[in-house]
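Residue-level listing of the chains:
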Amino acid sequence: MVDLVFADNVLRFRDDDVVSDPAVTVDAFVDAVSGQPNASAVRVEPGDDARALLPHLDRLALVEVNFPAYTDGRGYSAARILREHGYTGELRAVGDVLIDQLSHMRRCGFDAFVPALPISADAAAKAFATWPEVYQKTVDGRTPIWARRHPVA
Amino acid sequence: MYQYDNYDQAMVDARVDEFRDQVKRRLAGELSEDHFRPLRLKNGLYLQLHAYMLRVAIPYGTLNSRQMRALGDIADKYDRGYGHFTTRQNIQYNWIKLDEAPDLLADLAAVEMHAIQTSGNCIRNTTADHFAGAAADELVDPRPYAELLRQWSTFHPEFDYLPRKFKVAIIGSETDRAAMKLHDIGIQLVKNDAGEIGCRFYVGGGMGRTPMIAPVIADFVPPLQMISYLEAALRVYNRYGRRDNKYKARIKILVHEIGADEYRRQVDAEFAHILTLGLEPPPAELERIKGYFANPGFEADLPDNVDLSDPDFALWVDQNVHAHKQPGYAIVTISLKPAGGIPGDASADQIRLMADLARDFALDELRVTHAQNIVLPHVKKADLYTVWQKLDAAGLANANLDLISDIIACPGLDYCSLANARSIPLAQKISERFADIGRQREIGELKLKISGCINACGHHHAGHIGILGVDRKGTENYQLLFGGSEAADTSLGTIIGPGFNEDGIVDAVEKATDVYLAQREDGERFLDTYRRIGVAPFKEAIYG
Amino acid sequence: MKILTGNDLPSGDVIWWTGEGWSRHVDDAVEVGDEAQALIAREDAARRVNGAYVIEATRDGGSVRPAHIKERIRALGPTVRLDLSLKPADPAAGTWVI
Ligand code: SF4
């Protein structure tokens, strides 16, 4: 697993280059793909349907999921849906992203974070280590507790 | 019952550390109250009228004597010597200090308990039939499924910031003792013609501002797909539940607005996708959990008769003791509803006494009921008299289960910051008015439920008689509802007319019971008579 | 009059602004006038109070009576457990609330 790095103001679990293309809206992206397939970064707002991106995942290098308020949890489902359908590019949580949400976000497939209020790499590393084990299988590759209890030979 | 392994223990220990750190940051000013509030709520810590209140999870209402004893000790050590058992099968402490809360959580963790997700817009503590594993009419023991659900819902990363709170109840018999259809999701374990077990999902029930009875969304989901189905049901809600208006944010509004068929279609599509991901714990995990709930140590060939020569004891047995599936055993319900008392409150000493009785006479188990009483699920019939004597000596032998004084009452304006009116004084006055047990038994089963505001923690919509506290220009006022039920014949009560003050409502309740006694036909409960004759005769007697 | 109330941050106790600090007794409360918002901001930032807000009340001699029943119950304690209230020895304390 790639270690947490702090690069260009982005907390990341990736060792490729930070994507700096401007992110376009989901609507603009989906329209653009049919016209001029150049955009490689898209920004998902809470009310957007992440499934609209599924036919185009191979064109995307960056998906930003915006959290205008951290209490709006739709972005967690958006992230998981993208990963469940094979998206491997950068998945970045932006906006009202606080230390207490980092570990859940990572479990839902986010591998990059740009909090509106900066979080130090040390504090973030501690937050990612909050749960020694996890009960659910998600998209982060962690082995759930039930699988540890019943290892497949 | 279930016991933690190292994995479960590590989770609650990690939570204590996390919360200790969050409290430290709040007290040091690194976290504002706006940011801290949702975090403390996910640990069940509220700021109420007089102090912080902590709600402790009692998963599916089940606990052992060691845990019960710890709850009593916590009441002494961190609170003012008592606790309040709630309609969510939990316990609340009313006088907690923020800086002591992490230590309290550590004491809970030492006995495999926690306050995880007892508040906040997340999946709350799962509730279940309080007679699970004991009831003579049980088809399937729901507890292993409830434990599977507990683990799945604990720190679920996708569903921690739902549009609103989310409550799941699970039962395994035809008799609904858990108000299952009045939950966001109710699961009834059923058997098909081939004898296979399945989960019937009711989705979109609830009380509160807009009470609704949940429709069936899936008739038969195999138990080894239960978690996947829940993932699908919750994902549709998380994505499409309303977030623009907190009063319309519960899943019942989503299901109502798009319709049960459309909701089912969306869940089915999501379910088909989720089944491809392998999220479901393997059969061996369900079997492992079931192992904890298998025979708790029943003895065979016990005598099945009870000596009822003491009339007070006989009365209590008739009212508070239920049939057990195991010959020679019985289910005891301890009523926390003495005449003039506070429904659901128990002193630290009473809590410890109930723990001792569970250890010595009930195979070490207790249950908390949504009606705010305590169950000793497995008592030998030969021990019933001894148990009753010990309860009687502690003021806990009230023989009023399901009678008019077995009142559900939320904390109301005496404790709750959301309240419009007090609930407890009403319960006290009504239970005093009907203190004569002969009179209560003459009236028979009558479920009276009181809420101090529209949030309906006291289940007033589901009372045969319901009472709702409202604020009328700064004074307490009470509305009266008739005709609710939260049993298998679930129905919602309706307001019968203008509201009353405190004394007026007690008189109105008494008049209603008079109408019932005059009009009832053979075998009818209050609710049955009301359903048959309608509201008019009651209104005439009360307002006429 | 307008008075200021909130809860003590670490203990959660109900507290009232006295003009110089915070008291557990509503009778110590003073009129806050136009000061309220500035006071709330200052005291909240100093973590001497949690969730402070202004309420209506009347003063009669030495006693202060909040206008709304909810605040009177906050000032006294639960009416069903007067033994735990601020006036455990006064059996009539409950009627003050109503
Ligand atoms: S029903 Fe209202 S008053 Fe009663 S406990 Fe719930 S929120 Fe508080």
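Residues numbered from 1 in each chain as written. Chains lettered and ligands numbered in written order. Predicted model: local features only at pLDDT ≥ 70, side-chain atom pairs only at ≥ 80, totals over all residues. Heavy atoms only, no water.

1. Overview of the overall build of chain A
Then, number 1: When helices and strands are counted, chain A shows 5 helices and 7 strands.
Then, number 2: The globule rule puts the C-alpha radius of gyration for 153 residues at 15 Å, and the 16 Å found for chain A is close to it.
Then, number 3: Oriented by its inertia axes, the alpha-carbon framework of chain A measures out at about 50 × 40 × 30 Å.
Then, number 4: Taken over 153 residues, chain A has a buried fraction of 54%.
Then, number 5: Excluding contacts between residues fewer than 6 apart, the proportion of contacts in chain A whose partners are at least 24 apart in sequence is 53%.
Then, number 6: With the model as given, the accessible surface of chain A reaches about 6700 Å², and the carbon-plus-sulfur share is 52%.
Then, number 7: Mean positive and mean negative side-chain charge positions of chain A (16 and 22 charges, respectively) differ by 8 Å. (Helix = DSSP H or I, 4+ residues; strand = E, 2+ residues; numbered from the N terminus. Rg over C-alpha atoms; globule rule 2.2 N^0.38 Å. Buried < 20%, exposed > 50% of the residue type's maximum accessible area, 1.4 Å probe, protein only. Contact = heavy atoms within 4.5 Å. Areas by Shrake-Rupley, 256 points an atom, 1.4 Å probe, with all protein chains shown as cover. Lys, Arg positive; Asp, Glu negative; His and termini not counted. Charge placed at Lys NZ, Arg CZ, Asp CG, Glu CD.)

2. Some words on the overall build of chain B
Then, number 1: In terms of regular secondary structure, chain B is built from 17 helices and 20 strands.
Then, number 2: Its C-alpha radius of gyration of 23 Å places chain B within 12% of the 24 Å reference for a compact globule of 544 residues.
Then, number 3: Projected onto the principal axes, the alpha-carbon positions of chain B cover approximately 60 × 60 × 55 Å.
Then, number 4: For chain B, buried positions account for 64% of its 544 residues.
Then, number 5: With an accessible surface of roughly 18100 Å², chain B has 49% of that area assigned to carbon and sulfur atoms.
Then, number 6: Positive and negative side-chain charges of chain B, numbering 61 and 76 respectively, have mean locations separated by a distance of 6 Å.

3. A look at the interface of chain C and chain B
It is common to give the size of an interface as the accessible area lost on bringing the parts into contact.
Then, number 1: Across the boundary between the two partners, chain C contributes 22 residues, which contact 32 residues of chain B.
Then, number 2: Summing both sides of the interface, chain C and chain B together bury roughly 2200 Å²; the carbon and sulfur share of this comes to 56%.
Then, number 3: Where chain C meets chain B, there are 0 salt bridges.
Then, number 4: One can count 13 residue pairs in polar contact (both at pLDDT 80 or more) joining chain C with chain B.
Then, number 5: Element by element, the count of residues in the side of chain C that touches chain B is highest for helix 2 (residues 69-76) of chain C, at 4 residues.
Then, number 6: For the side of chain C that touches chain B, the per-class residue count stands at 9 nonpolar, 7 polar and 6 charged. (Buried area = accessible area lost by both parts, 1.4 Å probe. Salt bridge = Lys/Arg side-chain N within 4 Å of Asp/Glu carboxyl O. Polar contact = N/O pair within 3.5 Å; in protein donor to acceptor, adjacent residues only side chain to side chain. Nonpolar A, V, L, I, M, F, W, Y, C, P; charged D, E, K, R; others polar.)

4. Considering the packing of helix 7 (residues 251-258) of chain B against helix 8 (residues 260-274) of chain B
Residues and elements named next belong to chain B.
Then, number 1: In contact at an axis separation of 5 Å, helix 7 and helix 8 are set at 110° when each is read in the N-to-C sense. Judged by the angle between their axes, helix 7 and helix 8 are roughly perpendicular. For the pair helix 7 and helix 8, contact is made by Ile251, Leu254, Val255 and Ile258 and by Ala260, Glu262, Tyr263 and Gln266, respectively.
Then, number 2: Residues belonging to the contact of helix 7 with helix 8 are distributed by class as follows: 6 nonpolar, 1 polar and 1 charged. (Axes fitted to C-alpha atoms, helices over the stretch in contact; angles between N-to-C directions. Parallel < 35°, antiparallel > 145°, perpendicular 65-115°, else oblique.)

5. Observations concerning the pattern of salt bridges
Two side chains that carry opposite charge are able to pair once their charged atoms sit near each other.
Then, number 1: Counted by the stated rule, this structure contains 82 salt bridges over all chains.
Then, number 2: In this structure, A:Arg149 engages B:Asp5 in a salt bridge whose closest nitrogen and oxygen atoms are separated by 2.6 Å. Highlighted residues: A:Arg149 in helix 5 (residues 145-149) and B:Asp5 in the segment before helix 1 (6-27), drawn from two different chains.
Then, number 3: Assessed through its relative accessible area of 15%, A:Arg149 is described here as buried.
Then, number 4: Among the salt bridges present, the one from B:Arg288 reaches B:Asp5, with a minimum N-O distance of 4.0 Å. Separated by 283 residues along the polypeptide, B:Arg288 in helix 9 (residues 283-293) and B:Asp5 in the segment before helix 1 bring together distant segments of the chain.
Then, number 5: Among the charged side chains, a network of salt bridges with common partners joins A:Arg12, A:Arg14, A:Asp16, A:Arg43, A:Glu45, A:Glu64, A:Arg83, A:Glu90, A:Arg92 and A:Asp111.

6. Focus: the sheet that holds strand 5 (residues 62-67) of chain A
Residue and element names in this part refer to chain A.
Then, number 1: Taken together, 7 strands build an open sheet; the order of strands is 1-2-7-6-5-4-3 and the sheet is mixed. On the outer flanks of this sheet lie strand 1 (5-7) and strand 3 (24-25), each paired with one strand and no other.
Then, number 2: In terms of strand pairing, strand 4 (residues 41-44) meets strand 5 through 4 bridges, oriented parallel. Bridge pairing in strand 5 links Val42 to Val63. (Pairing = 2+ DSSP bridges.)

7. What to know about the interface of chain A and chain B
Then, number 1: Each side of the interface is counted separately: chain A has 37 residues, and chain B has 45 residues.
Then, number 2: Each partner contributes to the roughly 3600 Å² buried at the junction of chain A and chain B, and carbon and sulfur atoms together form 56% of this total.
Then, number 3: If you sort the residues of chain A by the area they bury against chain B, A:Trp131, A:Tyr135 and A:Arg149 come out on top, with a joint share of 20%.
Then, number 4: The interface formed by chain A and chain B holds 11 salt bridges in total.
Then, number 5: For B:Arg25, the salt bridge is made with A:Asp100, and the minimal N-O distance between the two is 3.1 Å.
Then, number 6: Along the contact surface separating chain A from chain B lie 27 residue pairs in polar contact (both at pLDDT 80 or more).
Then, number 7: Secondary structure elements with two or more residues in the side of chain A that touches chain B: helix 2 (74-84), helix 3 (102-107) and helix 5 of chain A.
Then, number 8: A per-class count over the side of chain A that touches chain B returns 13 nonpolar, 10 polar and 14 charged.

8. Structural notes on the domain arrangement of chain B
All names here are of chain B.
Then, number 1: Splitting chain B by domain gives domain 1 (6-109), domain 2 (142-291), domain 3 (311-393) and domain 4 (408-543).
Then, number 2: If you average the C-alpha positions of domain 1 and of domain 4, the two centres end up 33 Å apart.
Then, number 3: In this assembly, domain 1 packs against domain 4 so that about 760 Å² is buried in total across both faces, 55% of it on carbon and sulfur atoms.
Then, number 4: Sorting the residues of domain 1 by area buried against domain 4 places Gln48, Leu49 and Thr87 first, and these three jointly supply 58% of that buried surface.
Then, number 5: Taken together, domain 1 and domain 4 are joined by 5 residue pairs in polar contact (both at pLDDT 80 or more). (Domains from an automatic or database assignment.)

9. Details of the arrangement of the chains
Then, number 1: Taking contact number as the criterion, the leading pair out of 2 pairs of chains in contact is chains A and B.
Then, number 2: Left apart from each other, chain A and chain C have a closest C-alpha approach of 19 Å.

10. Details of the packing of aromatic side chains
Then, number 1: In total, this model carries 26 aromatic pairs over all chains according to the counting rule given.
Then, number 2: For the pair A:Trp131 and B:Phe155, a centre-to-centre distance of 3.9 Å together with 25° between the ring planes defines the contact as stacked. Of this pair, A:Trp131 sits in the loop between helix 4 (121-128) and helix 5 while B:Phe155 sits in the loop between helix 5 (143-153) and strand 7 (168-171), placing the two residues on different chains.
Then, number 3: Since its relative accessible area comes to 5%, A:Trp131 is described here as buried.
Then, number 4: Both rings, one in B:Tyr60 and one in B:Phe293, keep their centres 6.3 Å apart while their planes meet at 65°; by these two values the pair is edge-to-face. Of this pair, B:Tyr60 sits in the loop between strand 2 (52-56) and strand 3 (62-64) while B:Phe293 sits in helix 9; the two residues are 233 residues apart in sequence, bridging distant segments of the chain.
Then, number 5: On the basis of relative accessible area, B:Tyr60 is assigned to the buried category, the value being 5%. (Phe/Tyr/Trp six-rings, centres within 6.5 Å; stacked < 30°, edge-to-face > 60°.)

11. Section: the side chain of B:Asp345
Residue and element names in this part refer to chain B.
Then, number 1: Mapped onto the fold, Asp345 is located in strand 13 (residues 345-347).
Then, number 2: Engagement of the side chain of Asp345 in a polar contact is seen with the side chain of His84, the distance being 2.7 Å.
Then, number 3: In this view, Asp345 contacts Tyr82, Gly83, His84, Leu336 and Gln350; residues no more than four positions away in its chain are not counted.

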